[in-house]
Amino acid sequence: MMTSSEIRQKYIDFFVENGHTLVPSSSLAPMGDPTLLFTNAGMVQFKDTFLGTEKRPYRRAVTAQKCMRVSGKHNDLENVGPSPRHHTFFEMLGNFSFGDYFKKDAIAFAWRFLVTELGLDVNRLWFTVYRTDDEAAQLWVETGAAPERVLRFDEKDNFWSMGDIGPCGPCSEIHYYLGDLAQQTSAGVNVADDYIEIWNLVFMQYNRDSQGTLTPLPRPSVDTGMGFERLCLVLQGKQNTYDTDLFQPIFDHVQAALHHSAEQRAEKYISYRVIADHSRAMAFLVGDGVLPGNAGRSYVLRMLLRRAARFGVKLGFQQPFLAETVDALIRTMGPYYRELQERRDFILRTVRLEEERFRRTLTTGEELLQEIMARPEVAASRLIPGVEAFKLYDTYGFPLDLTRDAAKEAGFTVDEQGFQQAMRQQKERARSVARFAAADNASLRGYVDTLERLRDEGVLDSQGVEHLYYETTRVPTSVAALFVNGQAVNGAPTGASVEVVAPATPFYVEQGGQVSDTGWIRADDGAWEMQVNDVRRPVPGLTVHVGQVLRGEIKVGASALVSIDEERRLDIMRNHTATHLLHAALRQVLGAHVHQAGSLVAPDRLRFDFTHGGGLSEDERLRIEQGVNDAILMNYPVTATVTTYKAAVAAGAMALFGEKYGDEVRMIRIGQAPDEAVSKELCGGTHLLETGIIGLFTILAEGSIGSGIRRIEALTGRGSQRYAQQRMMALRRTAGLLGASEDGVEAKAADVQQTMQDLQREVARLRQQIAKRDIEQILAQATTVNGAAVVAAQVDASDVETLRQMSDWLRDRLGSSVVVLGATFAGRPNLIAAVTPDLTARGVDAGQIIRAIAPAIGGGGGGRPTLAQAGGKDASKLPDALALVLPWVESKLS
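Bear in mind that the values here come from a model prediction, so they are computed numbers and not experimental data. (Residues numbered from 1 in each chain as written. Predicted model: local features only at pLDDT ≥ 70, side-chain atom pairs only at ≥ 80, totals over all residues. Heavy atoms only, no water.)

Chemist: How would you sum up the overall build of the protein? Please name residues and give values.
Modeler: Each helix and strand in the protein was counted, giving 28 helices and 38 strands. Across the 894 residues that make up the protein, the buried fraction comes to 49%. Of the accessible surface of the protein, which amounts to about 39,900 Å², a share of 48% is contributed by carbon and sulfur atoms. Averaged over its 97 positive side-chain charges, the protein has a centre that lies 3 Å from the centre of its 111 negative ones. (Helix = DSSP H or I, 4+ residues; strand = E, 2+ residues; numbered from the N terminus. Buried < 20%, exposed > 50% of the residue type's maximum accessible area, 1.4 Å probe, protein only. Areas by Shrake-Rupley, 256 points an atom, 1.4 Å probe, with all protein chains shown as cover. Lys, Arg positive; Asp, Glu negative; His and termini not counted. Charge placed at Lys NZ, Arg CZ, Asp CG, Glu CD.)

This is the structure in structure tokens:
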């Protein structure tokens, strides 16, 4: 029996031998494509190639692509576990033709691989085509399929599209029958579970726009996708994908950890499946840089992890366990997907921390549920509102089934219809992240037409506008095209907002965190001048300079000098090179788990986001800052080398999570020699030639921006120098105010702080004395109700703590008592109620008192039966609120 690794490699080898280039899997988080939440098919990374806006150095490709389907059109989550073949994460094997071969060769390749290479039984294979695709039907028969095994279906089954808009075309599916041959009929295809689709050959002929119009693609192409898990099922003779060697190592680990028998494992199969499937998804998502959170991809990851953890609790796990199941997956799939091995420690740490956090929320959720059930309106109806149940689930991770169980034990029910309504609203918010958000193709048509025209005229080559931002800061060129409000024009006058296309440009276009250059475009003879405020790339191959005509009239065809703001570029390069040094220093001080998670490289500052579980200590922050400045003072050379991705990674260069790299990459090395480099990173940005030009590096701030993500903001060069000068001036002014030398400011400030603390303690002591003096007057106001002393008084207290102390003193003096005090802090009324334990047994509850009287001051509150408090808005109503206390107590004790 072939292993899954052997099957994957056999597929790749077959197509490489047939002239296909092996292209690595792209990230699960599509880069530069806002239309997708996750990569859900092998063709996603080739979308621009199919559309004709991107050219690649090959016309045939083969991939083993990581895919996720958990939202929008491809929502499989609810079926994961009960279904024998549904998964969130899966692999899609694919071979692609970009205007090279079409239907004939695609069908021939599929037949040869399945029948000749793998030896599948042709008597179990079925082939479906689009109802009008006579060509594909005939080709299957000519290739070797029996005519009665070629079936026709309509658009629902045999016309493929990635979404509502985008590349699409008729397709031909290959199905495999798993059941008894004697029971096999054509009527089961696309209907019965015994017939599974294993391969889909999509003949990409059209692009569908938002209006549903089909436009022929520039070159008819082929996109095929084969479900790897299903292929393994067939070749390994299984009836469900979970029984293949892709999942069984995780099953084995769970069984061993829980000491389950084979019978228990079979009985709890749904929990086993959910844990195995979601562990795979978690490993690959975190490996591609997705971290748990509350929106978009991060929300999906958190949802999967918590779902798996919940099934683990139901299965019997008492402690966090998912990091171990994820590790079992890494051992299985890491040899092919090397990023899993390289980022193993980070993946396991992320999963472990998130699961531990969720375990804590289970306890929190139970406590919050008790508070909800104690509310008078909820207690009266015995119905937990759906919106509250959903808040427990969504905000605190407390699952609905646990809410339902706990409510039932207490004699409550849950408004599940309201829960589902809140759930639908949340799903719609999450789904909106995945909806197609790209601009309508029609709005880009003018740019595409201009690009094609300039290529046809020879103004631009096949690569489009030539970028010279590495080589120079000014380029003599010409005005190749003009746009005003997205429309091509021949000229623009003074004051016009315009977009200019030049055949060559030194301007850097924002990407990789580095902002775009600004500058000027000027006529050779000085007749006109344009200020460039931004640069953007509306379609691949076309760069436009965005700005305003300062003087004169700019016309298409005019000679021009395009130049950047060199001083601003230098500041940007200082900050960009400094981010590389900062990344290296972070890894040196904190550990190799640190990876870049985002950045901003601007002229006035830099921002660097990185993966790390906790805040930096003062010592760590100082060591990181010093490490960067030490590298600056060493004046290391900074060199850029263009090489292959594999060679760069083999040389030790760091690749960023989720970044999409081409076959050729640019490696930035900082250091004297290759084997002594301080930093090696893949980077397309602009950099200094030597680190000394950075000047001074200063960290301004460090903090958390999300679960497991920290952010550092820093200054370099002129900005850092100005900051240091401002701090020195502030130090001198402070020294003058304190009457100390600059060296003695810290000691003097400590003396002043100590004096203030002493005075504050003295003030607190005096306030306590005053409060105790007031106690005697309050005691005189006490009323007795059926053996219990009752006090309700407005007092002069400065804070809640003093108010609480006064209530304690009164209870100690009065014995069995109810004490309610009111005071005003900063213009806001506050109430506190205290009840001795013997009276709570008689039905007097401090929380109930507060809830009864707090509305009088326009507020609310709560607490324990013996102590509760409230705040409000209207201080003038404090006497009214306190007047309600005695009647309320009398009603309880009469």
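Chemist: Tell me what's going on with the confidence of the model for the protein, and back it up with residues and numbers.
Modeler: Put simply, the protein has an average pLDDT of 87, and 94% of its residues get 70 or more. Of the regions scoring below 50 in pLDDT, residues 430–440 engages in 21 contacts with residues more than four places distant in sequence or in other chains. (pLDDT = per-residue confidence, 0-100. Contact = heavy atoms within 4.5 Å.)

Chemist: Run through the nonpolar core, naming residues and quoting values.
Modeler: Counting residues in hydrophobic clusters, the biggest one holds 95 residues, and the most contacted among them are Leu 114, Trp 140 and Trp 199. Those residues within four positions of Trp 140 in sequence are excluded, and the remaining contacts are Ile 107, Ala 110, Trp 111, Phe 127, Val 129, Ala 145, Val 150, Ser 172, Ile 174 and Leu 201. Of all hydrophobic cores here, the second largest spans 28 residues; its members include Leu 586, Ile 624, Leu 688 and Ile 712. (Core = buried A, V, L, I, M, F, W, Y, C linked by side-chain atoms within 4.5 Å.)

Chemist: Quick rundown of the sheet that holds strand S17 (residues 487–489)? Include the residues and the values.
Modeler: Pairing is antiparallel across the open sheet formed by 8 strands, whose spatial order is S15-S25-S21-S22-S23-S19-S16-S17. Two strands lie at the open edges of the sheet, namely strand S15 (474–478) and S17, each paired on one side alone. Neighbour-to-neighbour, the strand axes of this sheet turn through a mean angle of 35 degrees, independent of strand direction. (Pairing = 2+ DSSP bridges. Axes fitted to C-alpha atoms, helices over the stretch in contact; angles between N-to-C directions.)

Chemist: Go over the side chain of Ser 27, please, and point to the residues and values.
Modeler: Its place among the elements puts Ser 27 in the loop between strand S1 (21–22) and helix H2 (47–51). On the basis of relative accessibility, which here comes to 12%, the residue Ser 27 falls in the buried class. A polar atom in the side chain of Ser 27 sits 3.0 Å from the backbone nitrogen of Ala 29. (Polar contact = N/O pair within 3.5 Å; in protein donor to acceptor, adjacent residues only side chain to side chain.)

Chemist: Lay out the pattern of salt bridges in plain terms, naming residues and giving numbers.
Modeler: Across all of its chains, the model carries 36 salt bridges by this definition. The partner of Arg 265 in a salt bridge is Asp 252, and the shortest N-O contact between them spans 2.8 Å. Of this pair, Arg 265 sits in helix H8 (residues 262–267) while Asp 252 sits in helix H7 (residues 248–258), and the two are 13 residues apart along the sequence. Here Glu 762 makes a salt bridge to Arg 765, at a shortest N to O gap of 2.4 Å. You can see Glu 762 and its partner Arg 765 sitting in helix H23 (residues 745–779), 3 residues apart, about one turn around the helix. Note on Glu 762: relative accessible area 33%, which makes it partly exposed. Three or more residues joined by partner-sharing salt bridges are found here, namely Asp 327, Arg 331, Arg 344 and Asp 345. (Salt bridge = Lys/Arg side-chain N within 4 Å of Asp/Glu carboxyl O.)

Chemist: So what's going on with the sheet that holds strand S35 (residues 817–825)? Which residues, and what values?
Modeler: Taken in spatial order, the 6 strands make up an open sheet running S33-S34-S35-S36-S38-S37, and their pairing is mixed. Of all the strands in the sheet, the pair left with one neighbour each is strand S33 (783–785) and strand S37 (860–863). Neighbouring strand axes in the sheet, compared pairwise and without regard to direction, differ in orientation by 20 degrees on average. Relative to strand S34 (residues 788–794), S33 is paired through 3 bridges, and the arrangement is antiparallel. The residue of S34 that forms the bridge with Thr 784 is Ala 789.

Chemist: Could you give me a rundown of the packing of aromatic side chains, with the residues and numbers involved?
Modeler: In this structure the tally under the stated criterion is 32 aromatic pairs. Relative to Phe 98, the ring of Tyr 58 lies with its centre 6.4 Å away and its plane at 45 degrees, an arrangement referred to as tilted. Residue Tyr 58 is found in the loop between H2 and strand S2 (60–68), and its partner Phe 98 is found in the loop between strand S5 (89–97) and helix H3 (103–117); the two are separated by 40 residues along the sequence. Ring centres of Tyr 177 and Tyr 195 lie 4.6 Å apart, and the angle between their planes is 40 degrees; this geometry places the pair in the tilted category. With Tyr 177 in strand S9 (residues 166–177) and Tyr 195 in strand S10 (residues 195–208), this pair connects stretches of sequence that are 18 residues apart. Looking at Tyr 195, the relative accessible area reads 8%, which means it is buried. Members of the aromatic cluster, each reached through a chain of ring pairs, are Tyr 11, Phe 14, Phe 15, Tyr 101, Phe 109, Phe 113 and Trp 199. Here the guanidinium or amino end of Arg 149 rests over the ring plane of Trp 126, the centre of that ring lying 4.3 Å away. (Phe/Tyr/Trp six-rings, centres within 6.5 Å; stacked < 30°, edge-to-face > 60°. Lys NZ or Arg CZ within 6 Å of the ring centre and 35° of its normal.)

Chemist: Residues and numbers for the pairing of strand S16 (residues 481–484), please.
Modeler: Alignment of S16 against strand S19 (residues 497–501), held across 3 bridges, turns out to be antiparallel. Its bridge partner lying in S19, Phe 483 is registered against Glu 499. In this antiparallel pair of consecutive strands, S16 and S17, the connection spans 2 residues, and Asn 485 shows a positive phi of 55 degrees.

Chemist: Outline unusual backbone geometry, supporting the account with residue identities and numerical values.
Modeler: For residues other than glycine, phi is negative in most cases, and the peptide bonds are mostly trans. Positive phi values are uncommon outside glycine, yet His 259 reaches one of about 55 degrees. Relative to the helices and strands, His 259 resides in the loop between H7 and H8. One non-glycine residue, Asn 635, adopts positive backbone phi at about 50 degrees. Tracing the chain through its elements places Asn 635 in the loop between helix H20 (618–633) and strand S28 (638–644). For Asn 635, a relative accessible area of 32% translates into the label partly exposed.

Chemist: An account of helix H10 (residues 296–315) is requested, with residue identities and associated values reported.
Modeler: If you check H10, its first and last C-alpha atoms are 29 Å apart, about what 20 residues at 1.5 Å a residue would give, namely 28 Å. For H10, the tally of buried residues reaches 15 of 20 residues, placing the bulk of the element in the interior. At the exit of H10 stands Gly 316, carrying a positive phi of roughly 130 degrees. (Expected span 1.5 Å × (residues − 1).)

Chemist: If you had to explain helix H28 (residues 885–893) to someone new, which residues and values would you point to?
Modeler: Every buried residue belonging to H28 is among Val 885, Trp 888, Val 889 and Leu 893, and all of these are buried. For H28, the buried positions fall inside an angular range of 120 degrees around the axis, keeping them on one side. In this fold, the buried residues of H28 make contact with S33, S34, S35, helix H26 (846–853) and helix H27 (878–883). (Arc of directions from axis to C-beta.)

Chemist: Pulling in residues and values, what's your account of the state of the cysteines?
Modeler: Enumeration according to the criterion identifies 0 disulfides in this entry. As a non-bridged cysteine, Cys 67 has Cys 232 as the owner of its nearest cysteine sulfur, 14 Å distant. (Disulfide = S-S within 2.5 Å.)

Chemist: Give a detailed account of the side chain of Thr 518, specifying residues and quantitative values.
Modeler: Structurally, the position occupied by Thr 518 is in the loop between strand S20 (504–505) and strand S21 (519–523). Looking at Thr 518, the relative accessible area reads 15%, which means it is buried.

Chemist: Summarise the packing of helix H19 (residues 566–590) against H20; cite the residues concerned and give the values.
Modeler: At their nearest, the axes of H19 and H20 sit 9 Å apart, and the two run at 135 degrees to each other. One finds that H19 runs oblique with respect to H20. Classified by chirality, the crossing of H20 by H19 is right-handed. On H20, the residues touching Leu 581, Leu 582, Ala 585, Leu 586, Val 589 and Leu 590 of H19 are Glu 620, Arg 623, Ile 624, Val 628, Ala 631 and Ile 632. (Parallel < 35°, antiparallel > 145°, perpendicular 65-115°, else oblique. Left-handed = near helix turned anticlockwise from the far one by under 90°.)

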